[in-house]
Amino acid sequence: SSGINAECPLRPGGQDPPPGGKAPAPAPQVTPADLLESIAKQGDAVRKLKADKAAKNAIKAEVDKLLALKKQYKDLTGQDPPPGGKAPATSVAPASSPEKSANKLLEDIHVQGKLVRDLKSRKADKSEVGPAVEILLKLKADYKALTGKDAPPGGKAPQKPSPAPTTTIQQTAQFSTMSANPADLEDKIKAQGDKVRAAKTSGAAKDDIKILVDELLKLKADYKSLTGKDPPQSGQRQQKQQKQQEAPKQPEAGQTRLGLEFKKLEDLPQWYSQVITKSEMIEYYNVSGCYILRPWAYAIWEHIKDWFDTEIKKLGVENCYFPMFVSQSALEQEKTHIEDFAPEVAWVTKAGSSDLAEPIAIRPTSETVMYPSYASWVQSHRDLPIRLNQWCNVVRWEFKHPQPFLRTREFLWQEGHSAFANRDEAVE
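Attention here is on the structure that accompanies the text.

### Looking at the overall build of the protein chain
Logical step 1: Across its full length, the protein chain carries 14 helices and 8 strands.
Logical step 2: Taking all 428 residues of the protein chain together, 25% fall into the buried category.
Logical step 3: Here the analysis covers contacts within the protein chain between residues at least 6 apart in sequence; of these, 61% occur between residues at least 24 apart.
Logical step 4: Surface accessibility of the protein chain: about 30100 Å² in total, with carbon and sulfur atoms responsible for 56%.

Right, dumping it as structure tokens:
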């Protein structure tokens, strides 16, 4: 018959009931943001293993996990994850906003630039550095195509005031800072100053130091807005200024001031300054970071130069000299090489009272000056090898606390640049 068997009741949906009769719990949904956070953490783990020079098997296992996460992200979104695995910053502006896209590119350029510098500082293999540099150049090209201008050095997006009156976390922090009393701000300025000094002493990355310095400057600006005057200086700086303002001790009768008046363990800066000036090696100059090398100091340089020059000439190296000025277009062609020097480049912008049509840089190093000539000289293997050296000066203008012989804005050096037909000749 066509009747329904009572022993086999119909099951809704045509499926067997789950074991125990309970519906299974829905699988947790993985969002792109969750995956990006996992990618960022896994990337950090891989970089730490490489920095610690871990075993290849351990590194490979972590790299495989990273690749699996990236594949999962692409399967979910249809796009490759951004460099560094950082989620794009959310904004009230629509996704098609050019300003948002430009700022996002600047953030990516900053992250990728930091990655490239990290790889170079660890002397990573070219197979790692090359692709990272290509990604950086593509990001910069995308930024130029979008905005019509080159990305700023470091790729950090410029800070802009929030257009909406809504109170964000950042604005709340600003309001709480502005509403603080001067004593609280003084404590925060002192604590932030300690962080900056600790970062500089430990040799932290420039980008990390800059973030700390920017926060310190913001606190000082808030203090001045609140009180109408600059914040008090730290105890160390006050003591240093008091020492500088103190009248020098007058020698007792029958004594001269030819000897050292400061002890190394009590006041190292003053002791060092007296050593180099009273020994007639250095004379201070009225341009910060530049010093006069007196005959004693220059004689040391001549001894070093004469010995080194003799030795490299035994290897077939010849001396030459290239101009100290670099055109802006030449620097632009070597963006990746010059990126680390960009904040230190000194520019000539005027001739007399007239502005130059194009700013001219003073060399921070000479690759951008020399290599275009090498390219025109070498037409075949017959033009190789080239072994050239130049004795010259370079200028790097970024730092704030110069020290004679140790950290100066202009300094003498030599740089040798050679070109060979193959690797074996270069190694030999």
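### Side note on the state of the cysteines
Logical step 1: Under the criterion given, the structure shown has 0 disulfides.
Logical step 2: No disulfide involves Cys320; its nearest neighbouring cysteine sulfur is the one of Cys392, lying 9.1 Å away.

### Describing the pairing of strand E6 (residues 354-362)
Logical step 1: Relative to E6, strand E4 (residues 325-327) runs antiparallel, the two being bridged by 3 bridges. When the bridges of E6 are listed, Ser327 appears paired with Ile360.
Logical step 2: One ladder, built from 5 bridges, connects strand E5 (residues 346-351) with E6; its direction is antiparallel. Looking at the pairing, Val348 lines up with Ile360 of E6.
Logical step 3: Connecting E5 to the next strand, E6, in antiparallel fashion are 2 residues, including Gly352 with a positive phi near 70°.

### What about the sheet that holds E5?
Logical step 1: As summarised here, the arrangement of the 3 strands in space is E4-E6-E5, forming an open sheet in which the pairing is antiparallel. At either end of the open sheet lies a strand with only one pairing partner, and these are E4 and E5. Neighbour to neighbour, the strand axes of the sheet diverge by 45° on average, direction disregarded.

### Considering the environment of Lys140
Logical step 1: The topology assignment puts Lys140 in helix H4 (residues 126-147).
Logical step 2: On the basis of relative accessibility, which here comes to 16%, the residue Lys140 falls in the buried class.
Logical step 3: C-alpha of Lys140 to C-alpha of Ala151: the two residues are 11 residues apart in sequence and 6.1 Å apart in space.
Logical step 4: Among all residues touching Lys140, those that are not within four sequence positions of it are Ile109 and Glu339.

### Observations concerning the environment of Ile189
Logical step 1: Mapped onto the elements of the fold, Ile189 is located in helix H6 (residues 182-201).
Logical step 2: Assessed through its relative accessible area of 8%, Ile189 is described here as buried.
Logical step 3: Taking C-alpha positions, Ile189 is 6.8 Å from Lys220, a pair spaced 31 residues apart along the chain.

### What about helix H10 (residues 295-313)?
Logical step 1: The end-to-end C-alpha distance of H10 is 26 Å, a good match for the 27 Å that 19 residues give at a rise of 1.5 Å each.
Logical step 2: Restricting attention to buried positions, one finds in H10 the residues Ala297, Trp301, Asp309 and Ile312. All buried residues of H10 lie within an arc of 90° about the axis, which places them on one face of the element. Away from the buried face of H10 by more than 90 degrees, exposed residues Pro295, Trp296, His303 and Trp307 are located.

### Section: a nonpolar patch on the surface
Logical step 1: On the surface, Leu293, Tyr298, Phe405, Leu406 and Leu412 cluster together to form a nonpolar patch covering roughly 460 Å² of accessible area.
Logical step 2: Position of Leu293 relative to the elements: it lies in strand E2 (residues 291-293).

### Brief notes about the packing of helix H1 (residues 32-51) against helix H2 (residues 56-77)
Logical step 1: At a closest axis distance of 9 Å, the pairing of H1 and H2 adopts a crossing angle of 160°. Between H1 and H2, the angle falls in the class roughly antiparallel. Crossing of H1 against H2: the hand is left-handed. Two secondary-structure elements touch here, H1 through Pro32, Leu35, Leu36, Ser38, Ile39, Gln42, Gly43, Val46, Leu49 and Lys50 and H2 through Ala58, Ile59, Glu62, Val63, Lys65, Leu66, Leu69, Lys70, Gln72, Tyr73, Leu76 and Thr77.
Logical step 2: Split by residue class, the contact of H1 with H2 holds 13 nonpolar, 5 polar and 4 charged.

About the criteria used
Throughout this description, residue numbers start from 1 for each chain and increase along the sequence as written. Local features in this predicted model are restricted to residues of pLDDT 70 or higher, and side-chain atom pairs are both shown and tallied only at a pLDDT of 80 or more, whereas totals for entire chains, interfaces and linings draw on every residue. To get the side-chain values, all heavy atoms of the structure are used, and hydrogens and water are removed first. Helix and strand labels come from DSSP, where a helix needs a run of H or I of at least four residues and a strand needs a run of E of at least two; each type is numbered from the N terminus. When accessible area is computed with a 1.4 Å probe and restricted to protein chains, residues below 20% of their type maximum are described as buried, those above 50% as exposed, and intermediate ones as partly exposed. By definition in these notes, contact holds between two residues if any of their heavy atoms fall within 4.5 Å. To measure how exposed things are, a 1.4 Å probe is used in the Shrake-Rupley method; for residues, cover is taken only from the protein chains shown. In this description, the term disulfide denotes a pair of cysteine sulfurs within 2.5 Å. Pairing between strands is defined by DSSP: at least two bridges between them are needed. Here the axes come from fitting lines to C-alpha atoms, over the contacting stretch only for helices, and the angles between their N-to-C directions go from 0 to 180 degrees. Under the convention used throughout, the expected extent of a helix is 1.5 Å for every residue step, that is, one less than its residue count. This arc is built from the directions going out from the helix axis to the C-beta atoms. Residues form patches when they are more than 30% accessible in relative terms and have no salt bridge. Like charges link within 9 Å. Nonpolar side chains (Val, Leu, Ile, Met, Phe, Trp, Tyr) link within 5 Å. Any carboxyl oxygen of Asp or Glu within 4 Å of a side-chain nitrogen of Lys or Arg constitutes a salt bridge here. These descriptions rest on fixed angle ranges, namely under 35 degrees for roughly parallel, over 145 for roughly antiparallel, 65 to 115 for roughly perpendicular, and the rest for oblique. Should the near helix be turned counterclockwise from the far one by less than a right angle, the crossing is left-handed, whereas a clockwise turn marks it as right-handed. Note that Gly is not counted as nonpolar here; it falls among the polar residues with everything else outside the nonpolar set of Ala, Val, Leu, Ile, Met, Phe, Trp, Tyr, Cys and Pro and the charged set of Asp, Glu, Lys and Arg.

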